[in-house]
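Okay, here's what each chain looks like letter by letter:
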Amino acid sequence: MDPARIALSLTGVSKTFPGVVALRDVSFEVEAGEIHALVGGNGAGKSTLMGIAAGSTSPDSGRVEIGGEVMLSASPVRARQLGLAIVRQNPALLPDLSVAENMWLGVRPQLRGGIGAAGEWARRQLQPWGIPIDPGTRIVDLSLHRQFIVEIAKAIAIEPSILVLDEPTEHLTAPEIDQLFERVRAVRERGGSVVYISHRIPEVKRIADRITVLRDGETRGTYENAAVSEDDIVRLIVGRAVETVFPPKRADAAEAEETAPLMIVDELSGDGFSGVSMSLQPGEIVGLAGVEGNGQREFLRSLAGLEPARGSVLLADRSLKLNDPTAMRNAGVSYLPQDRQAEALLLNMPVRDNMSLGSLAIFARLGVVQRRAEAHAVAGQIGSLDIKTPSQETEIRALSGGNQQKVMLARNALGEPRVLLAEEPTQGVDAGARVEIYRILRGSADGGAGVVVLSSDEIELEGLCDRVLIFSRGRVVRELVGPAVTEHKIQEAALRATQLRERQDAAMERTGRTRLRDFVRGDYGPSVILALAIVLLGIYATWVNPSYLTERNFGGVLQLLAALTFVSVGQLIVMLTGGIDLSVGALTGFIAVVASFIIVDQPDRVIGLAGTAGLVAGLVLIIGIALGTGLLNGLLVRKALITPVVATLAVSIAVGGLALWLRPTPGGLIQSGVTELVRTRVGFIPIAVILAIGLVLLLEFLLRRRAWGLELRASGSSAEVAGRLGIPVNRRVIGAYMLCSLIMVLAAFMLMGQIGVGDASSGVSYTLASIGAVVLGGASIFGGRGSFIGALLGAATLQQATTVTSFLRLDSSATFLLLGLLTLGAAAIYSTARHTRVRA
Amino acid sequence: MRSWRLPRFSGIWLGTAAIFLIGFLINPRTVSESTVYSMLPFFAILAIAAIGQTLVVMQRGLDLSVAGAIAAGAVAFTKTANVNDEGIVAGIVVALAVVALAGLITGIAVTRFHVTPLVATLAINALLLAFVNWYSRGFPTGAPDAINQFALGRALGLVPNLVVIAIVLVLISHFLLRSTVIGRRFTASGENPRAARAAGIPVIRYQVATYVIASLFYGVAGILLAAFIKTPPIFSGTTYLLGTVAAVVLGGTALTGGIGSIIATTGGALFMSQLGAIVLGIGLPTSAQQVLQASAIILVVGLRGVYWTGARDRLRSMFGGTNVQAETAAAAPPPRTAPPPSDSS
């Protein structure tokens, strides 16, 4: 074959994960201008293989070539440069950025044009899909299905030479699948290649030129589409060698039908599944099967109370309370999670604490855990389940996956459940432990419990289950009983299901409430609310005390506002990266103190500088101090990985201490020229506030319309995704802390103008106020979103509240009260609005 | 003794021993009877407040309302008692009720309204300061004589009463945390809230209770502070925020939550108190004390972090990924498919 026509080639690739061989000496070649399907059952190694091609997973051995270039090490950025675009099952999008911004960041500069046109450009890319996706919408506000379309549209917009689609139709409806196929064919027309990973054989037959089958991490051959039938492909996928021994199943399956069911699930619906009914006999093991992502997982988790659901679940004729894991557990429903690290293990705790977590009350007398009873029961389980651990005191992280899983099974067993829900009970477990886990599960059933097992391993289901329910797109499409429970039948039912997703997008109601919520969640919603609050407070104050509306009062208020605005703007820059800077107030005071020794008219006894020389030296010094403090904060956060709160709190106390050390009491008269400059007004408006507003507008422009702003928000929204897109996250975040501190120089000049002397404690109150202002302005403390205009209005609201309370002759406690209430209230409203996500 | 805790939580006692020794070498007077006796009551107050901070940190939070709660406790107590021995009980009840309410609001804001602990406690701190200002009408009041005498007294003429109270509270808390069903579930909820929830533990209830109980400890610290110095300035708690965070961090409780040791935190509190005594002992001002204490935190936490960064970067360069902060990685949604373990760690 002509080597120039090979777009992607993987040669002799192997990859082992702990306990599992994912790929064994796989070779795979894609020609330019073909649609090449990669098919195989769950866990066949398809996604791992493409992860290696895309540079996100490094192979143990083997060679990857993209467009004739050899990949020397795994690097997603390099793979992308070579023209490979991958669409994964969970989209790599930045949740807090808009659709247009995400697409803009993901595309090479020569293709995308300026950000100004990004919205229009994104709209053009999305238009053919026939779904109204507003390019201005944040990703987090899109349903998973729309996120997927954005991700595919983004990948195609790159004009890749190789486009990899990993199970692209899982979330799509029939017309969207047609649309996808049309686009995929367009890539081929252009001379690009497409790798199409799928479980769904009917779809593969429609679109592919060639088909490669993977099974158990090995290729079963590459075929011309026309040369193989659906049946041929199914035969190639199934038929794995069975090396595992299963315990005997329930002997009297027929008789058991007559015993009263233990659990009855009636018309249960939730996210990803609908109208599922099933019954469970005592002593029975029921399997849940289906292609990954068809609702079986969500169904099982809703039985554990962990996912929202409606419908009814009866356990021994008693109705169970849904959506409440504690109630489920107390009723006797016990759950074994799939994701051990995230949802089961207490990694830093001993085997004993891990095992007894679900059954502490059993070992307790008057609420005190009886160590001896606990240790005895744990030792019993370690013995009977043959758990290999040096002692009960060993931290569970030191155990192998199989032994960890046995500890989790023992945790469930000690609680003596009536129903055991096991999600992928043997994932990441070696072959020996697997056999024992099967024995343990069967043992629970024989002891009278009902067991529900979710597994993506059809052989496991065949060997273990008395009955299997097969899910497709959220519904049970087949039930296999007794001798019909075979790997082949399960695979066939799952692979050949043509069930399509139902979607209620069109019917998604836009009620008044959601519109209000969208408004509050928007970038400028909070600003409008704040502006309104400022005006109303002003009207009220004028009504009570007419002298409020004088130029004299206004000028003074605006002067104070300038200082708070500078501090808030700095705070927001840091908060956009997902951090926080508690040192802003102390730093401002410290800078003013340092200035009070140098930027003076009467030379200090020790320093001896004054006038212009003092001003120049002082400026250099305080700018250096500011940048140094910012750099220290940034390094502590990004390099020493200290939580931003602790890092900046410590720096704040240190800087504040230094300031107090230098000037235990206020002193040092600042140059009169400087204070006068700060106090200069145009009409009644101080130039300081003009400068502050100018800075706000400039930063807002940079934030929305320049790569720096997008990258800053991207780093805060998801450092991981941002890194994958090639954004220099460390540089952006550390830079943000430095810029924040630099702006504190301006804030410090405002202080000097107001007080005229160096006062170490003068800046302290700014820290809380700046956080309050930024939160009021709608910024998310988790990073990624916020607006400088919002911060300005937040600062103005706080300033207005303070002014009004003083005009109403309220004491200073009212100021604190307002600050606290406004911050807490705003945070509660915004956080709650953001927490309710759009589901579809 | 359980071997798995020893290395992590015993280091602080070596550090504390070292700080006493260093102090002695710099100036023998820093370990003289009078210096130690003047340091101990403040150590006791810090240790009590630090129990609360430990509990919050174990639940993956950080409490910035320590200063406000201590000041509120002190003012509510002194103003209610109004220099009157008969008012002591009423004063204690009012003080504890005020701080418990503050903790309850924090807990509800954090769990039900999804406000981050940081913003919630910062805002509550402002509300508590507002309360202090309003309730005190801007000027301090003295503590009743009886409680002042008690606070100045020594049990058996040897151990200051405040230290006795602190030790009793520390031991009780430690016992509850380590040996009761509630304490064990509490620890699990902090170590892995998702796992605790999947195991049927009502995690939200535990989190709300954490903020209430923590606030009660700050309140007790405030009452004792007022009792000891008789007439505290109205905003008396300010130095205790960094003190409690430092005690927790130096004690070895991870800021990412999970297992913590109140006894080790107490060691951290002793370290910080003696460090402060040394700084004052060699004639430096209180401001220098702040600088040194802050530097101690940066140094200790920083060294721990740098060590891990190195290890992580090595791992990451192997997989060509980028450096991701621990929190963001943990907050990322779980993969929907079987996670190949080496992909992200």
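Reading the values: the criteria
- Numbering of residues starts from 1 in each chain and follows the order in which that chain's sequence is written.
- As they are written, the chains are lettered A onward and the ligands numbered 1 onward, keeping that order.
- In keeping with the model being predicted, local features are shown solely for residues with a pLDDT of at least 70 and side-chain atom pairs are shown and tallied solely at 80 or more, while totals for entire chains, interfaces and linings include all residues.
- To define axes, lines are fitted to C-alpha atoms, for helices over the stretch in contact only, and angles between the resulting N-to-C directions are given on a 0 to 180 degree scale.
- In DSSP terms, a helix is any run of H or I states spanning at least four residues, a strand is any run of E spanning at least two, and both are numbered starting from the N terminus.
- Convention used here: angles under 35 degrees read as roughly parallel, angles over 145 as roughly antiparallel, angles from 65 to 115 as roughly perpendicular, and any remaining angle as oblique.
- By convention the crossing between two helices is left-handed if the near helix lies anticlockwise of the far one by an angle smaller than a right angle, and right-handed if it lies clockwise.
- Contact between two residues is assigned when their C-beta atoms, built from the backbone, lie within 7 Å.
- An expected span of 1.5 Å times one less than the residue number is assigned to each helix.
- With C-beta atoms placed from the backbone, a residue is buried if 20 or more other C-beta atoms are within 10 Å of its own, exposed if 12 or fewer are, and partly exposed between those counts.
- To obtain the arc, one takes the directions from the helix axis to the C-beta atoms.
- For this analysis, nonpolar core means a set of buried Ala, Val, Leu, Ile, Met, Phe, Trp, Tyr and Cys residues linked through C-beta atoms within 7 Å.
- One bridge is not enough; two strands pair if DSSP finds at least two bridges between them.
- We call Asp, Glu, Lys and Arg charged. Ala, Val, Leu, Ile, Met, Phe, Trp, Tyr, Cys and Pro are nonpolar, and the rest, Gly among them, are polar.

Asker: So what exactly am I meant to see when it comes to the packing of helix α4 (residues 88-111) of chain B against helix α5 (residues 117-136) of chain B here?
Answerer: To describe two helices that pack against each other, one gives the angle between their axes and the distance between the axes. All names here are of chain B. Packing of α4 against α5 leaves a shortest axis separation of 9 Å and a crossing angle of 150°. When the axis of α4 is compared with that of α5, the two are roughly antiparallel. Considering the relative orientation of α4 and α5, their crossing is right-handed. Packed against α4, whose contacting residues are V98, A102, I105, T106, A109 and V110, the element α5 presents P117, A120, T121, I124, L127, L128 and F131 at the interface.

Asker: How should I be thinking about helix α7 (residues 161-179) of chain B in this particular structure?
Answerer: Along an α-helix, a turn takes 3.6 residues, which lines up residues three or four apart on a common side. Residue and element names in this part refer to chain B. Taking 1.5 Å of rise per residue, 19 residues should cover 27 Å, and α7 covers 27 Å from first to last C-alpha, within 8% of that figure. All of the buried residues along α7 are L162, A166, V170, S173 and L177. Relative to the axis of α7, the buried residues are bounded by an arc of 70° and lie together on one face. Looking at α7, the residues exposed on the side facing more than 90 degrees away from the buried face are V168 and I172. Looking at the buried residues of α7, the elements they touch are α2 (33-58), α6 (145-152), β2 (159-160), α8 (181-191), α10 (203-229) and α12 (262-281).

Asker: Mind showing me how you'd approach the pairing of strand β13 (residues 285-290) of chain A here?
Answerer: Within a regular strand, the side chains alternate between the two sheet faces. Most of β13(A) sits out of view: six of its six residues are buried. Across the two faces of β13(A) the burial is the same, with I285(A), G287(A) and A289(A) and V286(A), L288(A) and G290(A) all buried.

Asker: Help me out: how do you make sense of the nonpolar core in this one?
Answerer: One recurring pattern in soluble globular proteins is that nonpolar side chains are buried together. All names here are of chain A. The biggest cluster of nonpolar side chains holds 379 residues, and the ones touching the most others in it are V164 and I591. If one sorts the elements of this core by residue count, helix α30 (residues 729-755) sits on top with 17 residues. Once residues within four sequence positions are removed from consideration, I591 is found in contact with I622, I625, A626, M744, V745 and A748.

Asker: For this particular structure, what's the right way to read the sheet that holds strand β15 (residues 318-319) of chain A?
Answerer: The strands making up a sheet are joined through hydrogen bonds of the backbone, oriented either antiparallel or parallel. Residue and element names in this part refer to chain A. Pairing is antiparallel in the open sheet, where four strands are placed in the order β12-β11-β14-β15. Of all the strands in the sheet, just β12 (273-280) and β15 have a single pairing partner and so form its edges. Across five bridges, strand β11 (residues 263-270) lies against β12 in antiparallel orientation. Note that in β12 the partner of I264 across the bridge is S279. In the packing of helix α11 (residues 296-303) onto the sheet, contacts are made with β11, β12 and β14 (309-315), and the angle to β11 comes to roughly 120°.

Asker: Which parts of the structure should I look at to understand the packing of helix α31 (residues 765-776) of chain A against helix α32 (residues 788-807) of chain A?
Answerer: Residues and elements named next belong to chain A. Across the interface, α31 lies against α32 with an axial gap of 7 Å and an inter-helix angle of 120°. On the basis of their axis angle, the class for α31 and α32 is oblique. Relative to α32, the crossing made by α31 is right-handed. Residues A769, G772, A773, V774 and L776 of α31 form the contact with α32, whose own contacting residues are A791, G794, A795, T797 and L798. When the residues that make up the contact of α31 with α32 are grouped by side-chain class, the tally is seven nonpolar, three polar and no charged.

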